[in-house]
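Understanding the architecture of this molecule
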Amino acid sequence: MGALGHVTARCKAPVFVVGCPRSGTTLLYHMLLSAGNFAVYRAESQVFNILEPRFGDLNNRKHRRAMLSAWYESPLFTKTGLTRKDVERPVMDACRNGGDFLRIYMEAMARQQRVDRWADCTPEHLLYLKRIKRTIPDALIIHVLRDGRDVSLSLEKQGWIRPFRWHDEGGLAVAAMYWDWIVRRGRAQGLKLGADYLEIQYENLVQNPAAALEQIGAFVAQPLDYDRIQKVAIGSVTRPNTSFASDLKEQEFQPVERWKSGMSKEQQAVVDTLVGETLKELGYPAKNDVIASIDRKNLQRMRALYQSYFSAKFLLKSKTALGRTLVTRDLSWA
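This write-up is about the structure you can find in this document. Predicted model only: the values in this text are computed from it and were never measured. (Residues numbered from 1 in each chain as written. Predicted model: local features only at pLDDT ≥ 70, side-chain atom pairs only at ≥ 80, totals over all residues. Heavy atoms only, no water.)

Next up on the list: the overall build of the protein. For the protein, the count of helices and strands is 16 helices and four strands. Counting all 334 residues of the protein, 55% fall into the buried class. Per element, the accessible surface of the protein, about 15,700 Å² overall, is 50% carbon and sulfur. (Helix = DSSP H or I, 4+ residues; strand = E, 2+ residues; numbered from the N terminus. Buried < 20%, exposed > 50% of the residue type's maximum accessible area, 1.4 Å probe, protein only. Areas by Shrake-Rupley, 256 points an atom, 1.4 Å probe, with all protein chains shown as cover.)

What follows covers the pairing of strand β3 (residues 140–145). Most of β3 sits inside the fold, with six of its six residues counted as buried. Residues L140, I142 and V144 point to one face of β3 and I141, H143 and L145 to the other, with burial holding for every one of them. The sheet contact formed by strand β1 (residues 15–18) and β3 spans four bridges and is parallel. Among the inter-strand pairings, F16 is bridged to a residue of β3, identified as I141. The sheet contact formed by β3 and strand β4 (residues 197–201) spans five bridges and is parallel. By the bridge assignment, H143 is partnered in β4 with E199. (Pairing = 2+ DSSP bridges.)

Within the secondary structure, S23 sits in the loop between β1 and α1 (25–35). A relative accessible area of 1% places S23 in the buried class. Counting along the chain gives 100 residues from S23 to P123, while the straight-line C-alpha distance between them is 8.6 Å. Leave out the neighbours within four places in its chain, and S23 touches V144, R146, V151 and Y202. At 2.8 Å, the side chain of S23 and the backbone oxygen of C20 are in polar contact. (Contact = heavy atoms within 4.5 Å. Polar contact = N/O pair within 3.5 Å; in protein donor to acceptor, adjacent residues only side chain to side chain.)

Time to look at the packing of helix α8 (residues 148–158) against helix α9 (residues 171–190). Helix-helix packing: each pair is described by the crossing angle between the helix axes and the interaxial distance. In contact at an axis separation of 8 Å, α8 and α9 are set at 125° when each is read in the N-to-C sense. In this view, α8 runs oblique relative to α9, as classed from their interaxial angle. Crossing of α8 over α9 shows right-handed handedness. Seen from α8, the contacting residues are G148, V151, S152, L153, L155 and E156; seen from α9, they are G171, L172, A175, A176, Y178 and W179. (Axes fitted to C-alpha atoms, helices over the stretch in contact; angles between N-to-C directions. Parallel < 35°, antiparallel > 145°, perpendicular 65-115°, else oblique. Left-handed = near helix turned anticlockwise from the far one by under 90°.)

This paragraph deals with unusual backbone geometry. For residues that are not glycine, phi is negative in most cases, and the peptide bond is trans in most cases. In this structure, R114 takes a positive phi of about 60° despite not being glycine. If you check the backbone angles, E257 has positive phi at about 55° while not being a glycine. Within the element layout of this structure, E257 appears in the loop between α13 (245–249) and α14 (259–262).

Of all hydrophobic cores here, the largest spans 103 residues; its most connected members are F16, W71, F101, Y105 and I216. Looking at this core element by element, the count peaks at eleven residues for α9. Ignoring any residue separated from it by four or fewer positions in sequence, one finds F16 in contact with F48, L102, W118, D120, H125, I132, I136, A139, L140, I141 and I142. (Core = buried A, V, L, I, M, F, W, Y, C linked by side-chain atoms within 4.5 Å.)

Here we take up helix α2 (residues 47–55). Here α2 lies mainly inside the structure; nine of its nine residues are buried. For α2, the complete set of buried residues consists of V47, F48, N49, I50, L51, E52, P53, R54 and F55.

The next thing to look at is the sheet that holds β1. The parallel open sheet is built from four strands, whose spatial order is β2-β1-β3-β4. Each of the sheet's edge strands pairs with one partner strand only, and the pair in question is β2 (119–120) and β4. Sheet strands touched by α1: β1, β2, β3 and β4. Its angle to β1, the strand with the most contacts, is close to 155°. Lying over the sheet, helix α11 (residues 209–220) contacts β1, β3 and β4, oriented at roughly 170° with respect to β4.

Okay, the packing of aromatic side chains next. Overall, the coordinates contain 15 aromatic pairs when judged by the stated rule. Ring geometry for W181 against F314: centres 6.3 Å apart, planes inclined by 70°, an arrangement best described as edge-to-face. Of the two residues, W181 sits in helix α9 while F314 sits in helix α16 (residues 296–319), which places them 133 residues apart along the sequence. Accessibility assignment for this pair places W181 and F314 in one class, buried. Every member of this aromatic cluster is reached through a ring pair, and the members are Y128, Y178, W181, Y306, Y309, F310 and F314. Of note, R10 hangs over the ring of F219, and the distance from its end group to the ring centre comes to 5.0 Å. Here the guanidinium or amino end of R149 rests over the ring plane of W259, the centre of that ring lying 3.9 Å away. (Phe/Tyr/Trp six-rings, centres within 6.5 Å; stacked < 30°, edge-to-face > 60°. Lys NZ or Arg CZ within 6 Å of the ring centre and 35° of its normal.)

Here R146 shows up in the loop between β3 and α8. Buried charge R146 goes without a salt bridge, the closest partner of opposite sign being D150 at 4.6 Å. At a separation of 2.9 Å, a polar atom in the side chain of R146 contacts the main-chain carbonyl oxygen of P255. Leave out the neighbours within four places in its chain, and R146 touches R22, S23, V151, W179, Y202, E203, P255, R258 and Y284. (Lys, Arg positive; Asp, Glu negative; His and termini not counted. Salt bridge = Lys/Arg side-chain N within 4 Å of Asp/Glu carboxyl O.)

Here's what the structure looks like:
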């Protein structure tokens, strides 16, 4: 049953593609859109990680009005292809939380595009699975997992996860610890969702896409024809969403195990020390090379520091009024 009180068959249920940023979520999302019967929305909704924390309790009509006003002026609205008339009254009359809001405008898009369902791809929604299922009970969750060493290289190159100033040279290590933190936190929620939660490895999606899509199709109760996906080829199905654009120019795009050539032996050992347990748990064997120059006790202290920092920042953002100052005030980047 949906958040607004209507029952949805599994073959029409909304699908959330989540994962640590740079894990391949965009590729899977574009595959779903290319497969057909999903509303095409070329944006991340940012509902649970930005809009709800920023605008607060949407039971409050003033908060709903403030959220709509900001959303109307952003690409998040422009990319829906909807008019204000399509969403104004339903949101102001019936929206009581972020899940209601997302469902209202996504279902409007699906009706306009004459398809049966919709999907969302906001990677950091991985941290909000409990909230998603509370407000959109029929949601199906696909968690895209990827080797944390490859994710770390990509995150460091993008500069998204910044170390403290006294760890200026530790960007790669901090990126690895963020991957470890968000994946563990997301799995802790996801594995409690039973049949509505699926983990898929990015490497399988790239190296054996037909088999991976068969598994995903069974989960979402919709055939995902790889031949059709290749022909429609929305977005990253044709052009990979990579941090390493030079690979595309040189026609050497190899997204799997890039870390073997992209990290020094010492960097590999540092990352294995910090996140090796999670790598092994997910089926990515750590090398466990012994390098005398590595201070393992110091790395464990560093890990504890950043794990506490990530958790505290998330708690402040999502659970306190102070969180409104920790999310962007400008949606124009979306």
